[in-house]
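Observations on the three-dimensional arrangement
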Amino acid sequence: MKSIEYTQQTETNWEELSISNDFLFGKVMQNPELCRELLQRILPDLKIHRIEYPELQKSIKSDMDARSVRLDVYVMDNREIVYDIEMQIRDTKELPKRSRYYQGMMDLQIIDKGEYYKKLNKSYIIFICLFDVYGKGRHRYTFENMCKEDKSISMGDDTAKIFLNAKGTMNDISTE
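Parameters at a glance
Residues numbered from 1 in each chain as written. Predicted model: local features only at pLDDT ≥ 70, side-chain atom pairs only at ≥ 80, totals over all residues. Heavy atoms only, no water. Helix = DSSP H or I, 4+ residues; strand = E, 2+ residues; numbered from the N terminus. Buried < 20%, exposed > 50% of the residue type's maximum accessible area, 1.4 Å probe, protein only. Contact = heavy atoms within 4.5 Å. Areas by Shrake-Rupley, 256 points an atom, 1.4 Å probe, with all protein chains shown as cover. Core = buried A, V, L, I, M, F, W, Y, C linked by side-chain atoms within 4.5 Å. Salt bridge = Lys/Arg side-chain N within 4 Å of Asp/Glu carboxyl O. Lys, Arg positive; Asp, Glu negative; His and termini not counted. Phe/Tyr/Trp six-rings, centres within 6.5 Å; stacked < 30°, edge-to-face > 60°. Pairing = 2+ DSSP bridges.

Brief notes about the overall build of the protein
When you go through the protein residue by residue, the secondary structure sums to 4 helices and 6 strands. When its helices and strands are written in sequence order, the protein yields α-α-α-β-β-β-α-β-β-β. The buried share among the 176 residues of the protein stands at 36%. Sequence-distant contacts, at least 24 apart, represent 60% of the contacts inside the protein between residues at least 6 apart. For the protein, the accessible surface area stands at approximately 12000 Å², while carbon and sulfur atoms represent 52% of it.

Have a look at this one:
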C-alpha cells in the first residue's frame, strides 16, 4: 500500500514541476537542440546553427580565496560565442553585480597567461527570472557597454547581460 501511495505522490509532484525547477531546467538544457532553440528565441538576430554540448553546473574558481561560481548552463555556439544561462526564482537584489562577477569569471576560462585579450569570445550572460529585476514591466532588459556621453559609441567589449522577466506586462516581445 505504501509503495502505490509513494508512486502516486511522486508522479503528482513530477507533473507539477515547471521549467524553473533546477533539475528539470538542467534536463531540458542538456538537449542541444532545445538549448539552441531557446537561445535563438532570446537572440533572434544571431543565426545559431549549432551549439557545443551544454555544460551544466559548470564550476569556476580562480584561486583559493576567491568566491567560486557555478553556472547553470554554459554553452558555446558554432561561432565560438559563449553563453551562460541562469534560472533565477528568487530576487536576491544582487543580480546586476552577480552578472558582472560571472562575466569576469567566464573570461578567466577563455584566455591563458600571455595570450592577447582579442582572443576573448563574445559572450552573453542570460538570467531567466520569475520576477521583474528592474520593476518596469518589461519582459526583457538587455545591457551592453555604451558611452554615457555619446550612445552611438559602443565599448566594443562583445559582452551583453540579459535579464528575462517571466512576469512582464509590456507588449515588448513576440508571443513565441
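Past the structure itself, the notes keep going.
Points about the nonpolar core
Residues Cys-35, Leu-39, Leu-43, Tyr-83, Ile-85, Tyr-124 and Ile-126 are the most contacted members of the largest nonpolar core, which totals 21 residues. In this structure Ile-85 touches Phe-25, Met-29, Cys-35, Leu-38, Leu-39, Asp-72, Val-73, Ile-126 and Ile-128, once residues within four positions along its chain are discounted. If you look at the next biggest cluster of nonpolar residues, it comprises 17 residues, including Tyr-102, Met-106, Cys-129 and Phe-163.

A short note on the pattern of salt bridges
In this structure the tally under the stated criterion is 8 salt bridges. The shortest N-O distance in the salt bridge between Glu-33 and Arg-36 comes to 2.8 Å. Of this pair, Glu-33 and Arg-36 are both found in helix α3 (residues 32-42), 3 residues apart, which corresponds to roughly one turn of the helix. Glu-33 gets classed as partly exposed once you look at its relative accessible area, which sits at 45%.

As for the side chain of Asp-107
Mapped onto the secondary structure, Asp-107 falls in helix α4 (residues 95-110). No salt bridge is formed by the buried Asp-107. Its closest oppositely charged neighbour is Lys-161, at 8.0 Å. In contact with Asp-107, other than residues within four places in its own chain, are Leu-120 and Ser-123.

With respect to the packing of aromatic side chains
All told, the structure shown has 7 aromatic pairs when counted by the stated rule. Ring geometry for Tyr-134 against Phe-163: centres 5.8 Å apart, planes inclined by 80 degrees, an arrangement best described as edge-to-face. Of this pair, Tyr-134 sits in the loop between β4 (123-129) and β5 (140-143) while Phe-163 is found in strand β6 (residues 159-165), placing the two residues 29 residues apart along the sequence. Pairwise contacts between aromatic rings join Tyr-102, Phe-127, Tyr-134, Tyr-141, Phe-143 and Phe-163 into one cluster.

Details of the pairing of strand β2 (residues 69-76)
Burial analysis of β2 places 6 of its 8 residues in the buried class, the great majority of the element. In terms of strand pairing, β2 meets strand β3 (residues 82-88) through 4 bridges, oriented antiparallel. For Met-76, the partnering residue across the bridge sits in β3 and is Val-82.

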